[in-house]
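# Structural overview for review
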Amino acid sequence: MNLFLAVTGRRTDGYHDLLSLVAPLDWGDSLEVEPAPSMAVDCDMPGVPLGADNLVARAAAAFAEATGWLGGASIRIRKVVPMGAGLGGASSNAAAALRALNLMAGGPLSEAALSLLASRVGSDCPLFLSGRPVVMRGRGEIVEAVPSAALGRIRGTRLLVFKPAFPVATPWAYGVLAATPGSYVDPARAEEMLSGWMAGGSGLGDLLYNSMERAVFPKYPALPVLLRELRGRFGLAAVMSGSGSACLAVLPEGLDAAPVAEAVRRAWGPSAFIREGAIS
């Protein structure tokens, strides 16, 4: 999930340039991959698109085309990450499928080739190959490790992740951002913000930032209203993840998450997704 996200401009190819610090959590979707006569993708969550519209299926097709591998696999997705959340569930699944297929095929792709293929499947797929917090640039295909000192300040941090029943469409959010004057963050300023935090000694709460909130919050006021309540009532650092609609709050050591979760349920109803986890 995005702990820091600054969208810095629109590219000539239609994508957006960004700077982001992204971290995996200790929970998420899982994939079961087994040899099969042909390629097939299934999912245990109703409503998840299958066939050519599924990013895992697209990843499998891209792998077969890139390697010439003629084998098949049965890929079953066990969903935990909600759809339309801005948490990278589909992209992480696609990256996991590429790694599994590469192992099954005997390793025809090097790590660099696998990352390049992942970037062709989806802009943020390469970051999920590392399994650790990373900084990504470009449209998401340029990935580098987080320096060890900064890594030590975020690993193991407890987070509460919560999402309302409604999703936010990523193409819509970026479209609004592109149409809103002054919505992009100056690239030099974004780099200064992130590098300043990395060079300092402050905790994760001082890093949280998401410029996509400018596009999403006016249409979905339930998000900023709840985040303001969590900041004011509990003193929590909180932010939207990606293009939303999921948000996160940093849980200080020793804080009981139950009252925070109850505040989310009161604000967004019993259908809200709420899950505690830690940065891995």
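The following refers to the structure shown.

Rules behind the numbers
Numbering of residues starts from 1 in each chain and follows the order in which that chain's sequence is written. Per-residue local features are limited, in this predicted model, to residues with pLDDT of at least 70; the limit for side-chain atom pairs, both in listing and counting, is 80 or more; totals at the level of whole chains, interfaces and linings are taken over all residues. Hydrogens and waters are ignored; side-chain quantities use all the structure's heavy atoms. Helical segments are the DSSP runs of H or I of at least four residues, strand segments are the runs of E of at least two, and each set is numbered from the N terminus. Throughout, the radius of gyration refers to the C-alpha atoms, and the reference size of a globule is 2.2 Å times the residue count to the power 0.38. When a residue's accessible area, from a 1.4 Å probe over protein chains only, is under 20% of the maximum for its type it is buried; when over 50% it is exposed; and in between it is partly exposed. Between any two strands, pairing holds if DSSP finds at least two bridges. Lines fitted to the C-alpha atoms define the axes, with helices restricted to the stretch that makes contact. Angles between their N-to-C directions range from 0 to 180 degrees. Any two residues whose heavy atoms approach within 4.5 Å at even a single point are treated as in contact.

## Overview of the overall build of the chain
Counting its secondary structure elements, the chain contains nine helices and 12 strands. Computed over the C-alpha atoms, the radius of gyration of the chain is 19 Å, within 12% of the 19 Å expected from 2.2 N^0.38 for a compact globule of 280 residues. In terms of overall dimensions, the chain has a C-alpha envelope of 55 × 40 × 40 Å along the principal axes. A burial count over the chain gives 48% of its 280 residues as buried.

## Details of the sheet that holds strand S12 (residues 273-278)
Judged by pairing direction, the sheet is antiparallel, and its four strands sit side by side in the order S10-S11-S8-S12 without closing on themselves. The sheet is open, and its two borders are formed by strand S10 (238-240) and S12, each paired with just one other strand. Recorded for the sheet is a direction-independent mean angle of 20 degrees between the axes of neighbouring strands. Of the strand pairs in this sheet, strand S8 (residues 158-163) and strand S11 (residues 247-251) are connected by five bridges, and their pairing is antiparallel. Each residue of the ladder has a partner; that of phenylalanine 162, found in S11, is cysteine 247. Set on the sheet, helix H8 (residues 222-234) makes contact with S8, S10 and S11; between it and S10 the angle comes to about 165 degrees. Those strands touched by helix H9 (residues 258-268) are S8, S11 and S12, and its axis lies near 10 degrees from that of S8.

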